[in-house]
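# A look at the structure
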Amino acid sequence: MAARPVLAQVRPPEAVTAEQARRVLLRLQGLADAPAKSSARAVAALVDRLGYVQVDSINVLERAHHLILGTRLDGYRHGHLSHALENSRTLFEHWTHDACAIPTRWYPHWKHRFERFDERVKRNAWWQGRFKGKPDVTLRRVLARIGREGPLRARDFEPPQPREKGGWWEWHPEKAALEHLWRRGDLAISRRERFEKVYDLSERVHPAHHAADRPPHDELVEWACREAIDRIGIGTATEIAHFFNAISIADARAWLEQTTRDGKLVRVVVSPERASGKPAAGFALPNWRALAGETVADRIRLLAPFDPVIRERARMERLFGFDYRFEAFVPAAKRQYGYYVLPMLWGDRLIGRIDLKHDRETGQLVTVGCWWEAARRRNGLSRCVRHTPPTRAIASALERSLARLSSQLGAT
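Residues numbered from 1 in each chain as written. Predicted model: local features only at pLDDT ≥ 70, side-chain atom pairs only at ≥ 80, totals over all residues. Heavy atoms only, no water.

## Thoughts on the side chain of Arg-22
Mapped onto the elements, Arg-22 comes out in helix H1 (residues 18–28). Non-local contacts of Arg-22, meaning those with residues more than four positions away in its chain, are made with Glu-273, Leu-319, Phe-320, Asp-348 and Arg-349. (Helix = DSSP H or I, 4+ residues; strand = E, 2+ residues; numbered from the N terminus. Contact = heavy atoms within 4.5 Å.)

Written as structure tokens, this is what we have:
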């Protein structure tokens with residue numbers, strides 16, 4: 001009688017609490033440790049640790065990239081980031097889900113994105129409309145001029161004829177060409193002047209990485225999944241795919257399944273923070289329990305709206321039980337809280353939110369509003385109330401956090 005085949009045993013998923021999962025995330029994303037001393041080298045190392053730092057233009061308080069870095073580094077200054085981007089070139093600026101500062105050693109993987117963007121633009125009516133029906137002519141002219149003259153800004157390209165003032169996206173053909181050529185990899189951002197991009201040929205800005213071959217697709221998937229799971233510790237296939245926005249969810253799921261079968265990851269089910277939430281099936285690093293150690297609880301961290309810990313809003317709600325919406329683009333009358341509201345992290349919990357602005361005329365850091373998550377819950381939803389801090393320890397921690405931010409801004 002023939003022997004029956006032995007079926008491989010499938011291990012049941014490990015149970016992870018929301019508290020454990022968020023502690024893993026905070027530790028890997030640099031928010032469980034005391035802030036390190038800042039320098040250009042420390043900034044480059046931190047961006048490598050985080051995976052990227054989103055670059056954003058809103059400056060009512062401070063630009064998001066500076067807030068993200070300043071939350072994790074003591075003595076952070078703008079020049080530390082600009083040195084890494086513009087001098088040592090250990091970082092470069094391009095897109096993940098949005099414009100970000102990214103470790104330059106990963107530049108070859110962006111060549112897949114360059115090609116995808118170029119193909120997408122050719123089929124996009126909005127982009128084609130910017131070029132007035134002559135995209136190839138405009139692209140060649142802009143590229144040739146930068147090749148001759150060196151780094152240029154959009155304002156260095158005068159529109160071919162006077163035009164009416166339009167909105168933010170009413171770009172003239174040359175501005176659209178610069179963005180197109182940057183997004184498809186012909187140009188790179190050489191530096192910024194008062195936050196305005198200065199473009200140059202990629203072969204002059206990142207010569208070695210520009211000349212490198214594009215990795216094959218399977219290497220792209222391996223890189224995107226491995227680097228993502230190493231930086232968040234626990235995640236779903238969707239969260240892994242969305243981390244760099246470089247691969248499909250199907251590619252991420254296939255890699256995660258195979259890597260789990262190889263014993264390099266484990267299956268988990270993460271319980272939600274709120275009783276009304278749904279458990280999430282996902283994957284984790286084998287050492288996730290060790291990473292879920294104690295977090296630093298004697299300080300309040302003010303998180304920028306685009307901090308990588310809270311960028312995935314569904315994960316944020318699941319792990320922290322915290323509803324958050326960025327309301328800068330919401331009409332003032334319809335805002336629930338404020339224009340530029342920062343969640344407040346205390347240990348491993350989000351305990352409130354604060355609306356801040358930097359009044360540059362008076363040199364003051366101004367608190368527009370402050371709300372604290374109430375301890376009582378109704379129907380699984382936390383209430384947010386506007387009153388004094390719940391404890392003296394938290395009040396003192398907030399004072400220290402605001403003083404630290406004021407010092408970073410050069411404000412009182």
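Further notes follow.
## Some points on the side chain of Lys-111
Its location among the elements puts Lys-111 in helix H5 (residues 110–122). For the buried Lys-111, no salt bridge is present, and the opposite-charge side chain at shortest range is Asp-213, 6.3 Å distant. Side-chain polar atoms of Lys-111 contact the backbone oxygen of His-209, separated by 3.4 Å. When sequence neighbours within four positions are dropped, the list of residues in contact with Lys-111 reads His-209, His-210, Ala-211, Ala-212, Asp-213 and Arg-214. (Buried < 20%, exposed > 50% of the residue type's maximum accessible area, 1.4 Å probe, protein only. Lys, Arg positive; Asp, Glu negative; His and termini not counted. Salt bridge = Lys/Arg side-chain N within 4 Å of Asp/Glu carboxyl O. Polar contact = N/O pair within 3.5 Å; in protein donor to acceptor, adjacent residues only side chain to side chain.)

## Let's talk about the environment of Leu-220
Mapping Leu-220 onto the fold places it in helix H11 (residues 217–232). Aside from chain neighbours lying at most four places away, what touches Leu-220 is His-109, His-112, Ala-246 and Ile-247.

## Things to note about the pairing of strand S10 (residues 266–270)
Along S10, the buried face is formed by Val-266, Val-268 and Val-270; none of Arg-267 and Val-269, which line the opposite face, is buried. Pairing analysis gives 3 bridges linking strand S1 (residues 14–16) to S10, with the strands arranged parallel. Across the sheet, the residue bridging to Ala-15 is Val-269, located in S10. Note: S10 against strand S11 (residues 280–284), 5 bridges, orientation antiparallel. By the bridge assignment, Val-266 is partnered in S11 with Ala-284. (Pairing = 2+ DSSP bridges.)

## A look at the pattern of salt bridges
By the definition in use, this model includes 35 salt bridges. The partner of Arg-289 in a salt bridge is Glu-14, with the nearest N and O atoms 3.2 Å apart. Here Arg-289 is found in helix H14 (residues 288–291), whereas its partner Glu-14 is found in strand S1, with 275 residues between them in sequence. Residue classification places Arg-289 among the exposed positions, given a relative accessible area of 52%. Residue classification places Glu-14 among the buried residues on the basis of a relative accessible area of 14%.

## So, helix H8 (residues 173–183)
With 11 of 11 residues buried, H8 is to be regarded as a mostly interior element. Where H8 is concerned, the buried positions are Pro-173, Glu-174, Lys-175, Ala-176, Ala-177, Leu-178, Glu-179, His-180, Leu-181, Trp-182 and Arg-183. Packing partners of the buried residues in H8 comprise strand S5 (91–95), H5, helix H6 (125–130), helix H7 (135–149), strand S7 (187–193) and strand S8 (196–201). Directly beyond the C-terminal end of H8, a positive phi value near 95° is found at Gly-185.

## Observations regarding unusual backbone geometry
Despite not being glycine, Arg-89 has its phi angle at roughly 60°, a positive value. Structurally, Arg-89 can be placed in the loop between helix H4 (78–86) and S5. The backbone of Phe-195 sits at a positive phi, close to 75°, despite the residue not being glycine. Mapped onto the secondary structure, Phe-195 falls in the loop between S7 and S8. Take Phe-195: its relative accessible area is 19%, and that puts it in the buried class.

Interpretation in functional terms is not warranted from these geometric data alone.
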